[in-house]
Structures are given as C-alpha cells and as structure tokens.
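Take a look at the letters that make up each chain.
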Amino acid sequence: KILVAYDQVCNQCSSRNGRRAYRQQIALAGIRAAGQGAKGTSGVIQTVRQAEGTIGYADAAQVTSGLGIVAVHVGTNYVLPTDIATSNALSQSTIFPSTTGRVIVSLPHTTTVANTYPIDLVSYAIACPVYTNNSKAEFVKQWLTYIDSVEGQDAAHMTSGSVPLSHNIRTKVMETIQSIRMVAS
C-alpha cells in the first residue's frame, strides 16, 4: 500500500514567529519546492518526522503514530489505504495479455468505485523464463509458487502488512511460474 504520510506543521511550529513565517511561505505565489531523498520506507518516514512541513510517500504498513494519513478522493468520498480498499483496487485491475511470460497489471487509478484505494504499490518478482541448471529452475519455481500461494500471501500480510493478491492476478502469476523451464546447456 502506498500512502501520503505528512507531518502536521501548523500545530508543531514552536513559536509564533515560526507559525507566521510558515503562513507567509504558503501565501507566496511562487512557493519553491525542495526534495530530499531517503533510503527505503524507514528512511522516508524518519525524514518526514524530522523536518517540519514535509510530505512523504511511504508504505502504509510502516507508518506509526505521529504521522497523518491522507485519504484519496474517489467518486464522492475520500478513501484511506485499508486492506479492503487496496484489495478492491487489485480486484478491479486490468491484466494485459502477454506472450513474454510476464504478468502486466494496470491499477484502476481513475476509478470512481466506492471504497477503492487507487494508488497502491504492487510488488513483483523477476525470474528467468529458462534455466540451464535444473536445480535452480526447480528452486525458483518452488519459491515463486510459495510466494503466490494463499499461504505465502497470508505470511506476507502477517509480517509486512501487505495485502494479498486477488485471485485473478494470482492465477495469472501461477501460469507464468509454471512456464519456467530448463534447457540443456
């Protein structure tokens, strides 16, 4: 899940002059934006916590108290990144046909369907379609089969907070995994 985590600046400015300076900056017609990179989700969250007025995009499962979560306007309501809203987005996703052993998913970014969070991040794995070593081919197939299984998806949900893939996406992924093969060198 992806969300916008933000630090509520107006309530955190320590002085009246600080609050006034912040409001003056916002009122300027040509506000200058600055960016700062951070390593991984934990780095982004740490950066947002440390600086006033920051906005960051982070994995919702990693956001803890002290940061706000922004709801996205979908249809006539605002939707938070809940498991159900993310799952709804996955279920509405388009799976494009592929002859190259890939599963190509397009999330419904412009959906108006209620309780759908349309700016999710879908994780992926990359494997070779052909291996010259039979044991490597078997290992990769077994590993990816576990990740794609209900058991693997549930384990990922319990440990990282990720939302399990929808049945239609899992089915396509499994077809791709089964097409991995070994060719003699």
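Residues numbered from 1 in each chain as written. Predicted model: local features only at pLDDT ≥ 70, side-chain atom pairs only at ≥ 80, totals over all residues. Heavy atoms only, no water.

1. Focus: the overall build of the protein
From N to C terminus, the protein includes 6 helices and 9 strands. Put simply, the protein has 185 residues, and 27% of those count as buried. Element-wise, carbon and sulfur atoms account for 55% of the exposed surface of the protein, whose accessible area totals about 12,200 Å². (Helix = DSSP H or I, 4+ residues; strand = E, 2+ residues; numbered from the N terminus. Buried < 20%, exposed > 50% of the residue type's maximum accessible area, 1.4 Å probe, protein only. Areas by Shrake-Rupley, 256 points an atom, 1.4 Å probe, with all protein chains shown as cover.)

2. Side note on unusual backbone geometry
For residues that are not glycine, phi is negative in most cases, and the peptide bond is trans in most cases. Even without glycine at this site, Asn115 takes up a positive phi of about 55 degrees. Here Asn115 is to be found in the loop between strand E7 (104–106) and strand E8 (130–131). Judged by relative accessible area, which is 37%, Asn115 ranks as partly exposed.

3. Description of the packing of helix H4 (residues 134–148) against helix H6 (residues 167–178)
For any two helices packed against each other, one specifies the crossing angle of their axes together with the interaxial distance. Packing of H4 against H6 leaves a shortest axis separation of 10 Å and a crossing angle of 175 degrees. With respect to H6, the axis of H4 lies roughly antiparallel. Touching Lys141, Leu144, Thr145 and Asp148 of H4 are Arg170, Val173, Met174, Ile177 and Gln178, all from H6. (Axes fitted to C-alpha atoms, helices over the stretch in contact; angles between N-to-C directions. Parallel < 35°, antiparallel > 145°, perpendicular 65-115°, else oblique. Contact = heavy atoms within 4.5 Å.)

4. Concerning the side chain of Arg170
Turning to its location among the elements, Arg170 is positioned in helix H6. It turns out Arg170 is buried and unbridged, and the closest side chain with the opposite charge, Asp148, is 4.3 Å from it. Not counting residues up to four positions away in its chain, the partners in contact with Arg170 are Asp148, Ser149, Val150, Gln153 and Leu165. (Lys, Arg positive; Asp, Glu negative; His and termini not counted. Salt bridge = Lys/Arg side-chain N within 4 Å of Asp/Glu carboxyl O.)

5. Side note on H6
Relative to the 16 Å expected for 12 residues at 1.5 Å per residue, H6 spans 16 Å between its end C-alpha atoms, a close match to the ideal helical length. Three or more residues of H6 are buried, namely Ile169, Arg170 and Ile177. All buried residues of H6 project into a common sector of 95 degrees when viewed along the axis, lining one side. In the core, the buried residues of H6 are packed alongside helix H3 (83–92), strand E6 (94–96), E7, H4 and helix H5 (150–160). (Expected span 1.5 Å × (residues − 1). Arc of directions from axis to C-beta.)

6. Considerations on a nonpolar patch on the surface
On the surface, Phe139, Trp143, Tyr146 and Ile147 cluster together to form a nonpolar patch covering roughly 420 Å² of accessible area. Positionally, Tyr146 belongs in helix H4. A relative accessible area of 38% places Tyr146 in the partly exposed class. (Patch = residues over 30% accessible without salt bridge, like charges linked within 9 Å, V, L, I, M, F, W, Y side chains within 5 Å.)

7. Comments concerning H3
Residues lying three or four places apart along an α-helix face the same way, a consequence of the helix completing one turn every 3.6 residues. Among the residues of H3, those classed as buried are Ala85, Thr86, Ala89 and Leu90. Seen along its axis, H3 keeps its buried residues to an arc of 140 degrees; they face one direction. Of the surrounding secondary structure, the elements contacted by the buried residues of H3 are strand E5 (77–79) and H6.

8. A word on the environment of Asn77
Topologically, Asn77 is positioned in strand E5. Taking relative accessible area as the criterion, Asn77 reaches 42% and is therefore assigned partly exposed. In this structure the C-alpha to C-alpha distance between Asn77 and Val113, which are 36 residues apart in sequence, comes to 9.7 Å.

9. Observations regarding the pattern of salt bridges
Counting across every chain of the model gives 1 salt bridge. One salt bridge connects Glu175 with Lys172, and the closest N-O pair in it is separated by 3.6 Å. Of the two residues, Glu175 and Lys172 both sit in helix H6, 3 residues apart, roughly one turn of that helix. Overall, Glu175 belongs to the partly exposed group, its relative accessible area being 46%. Residue classification places Lys172 among the partly exposed residues on the basis of a relative accessible area of 37%.

Scope: geometric values only; no functional claims are made or implied.
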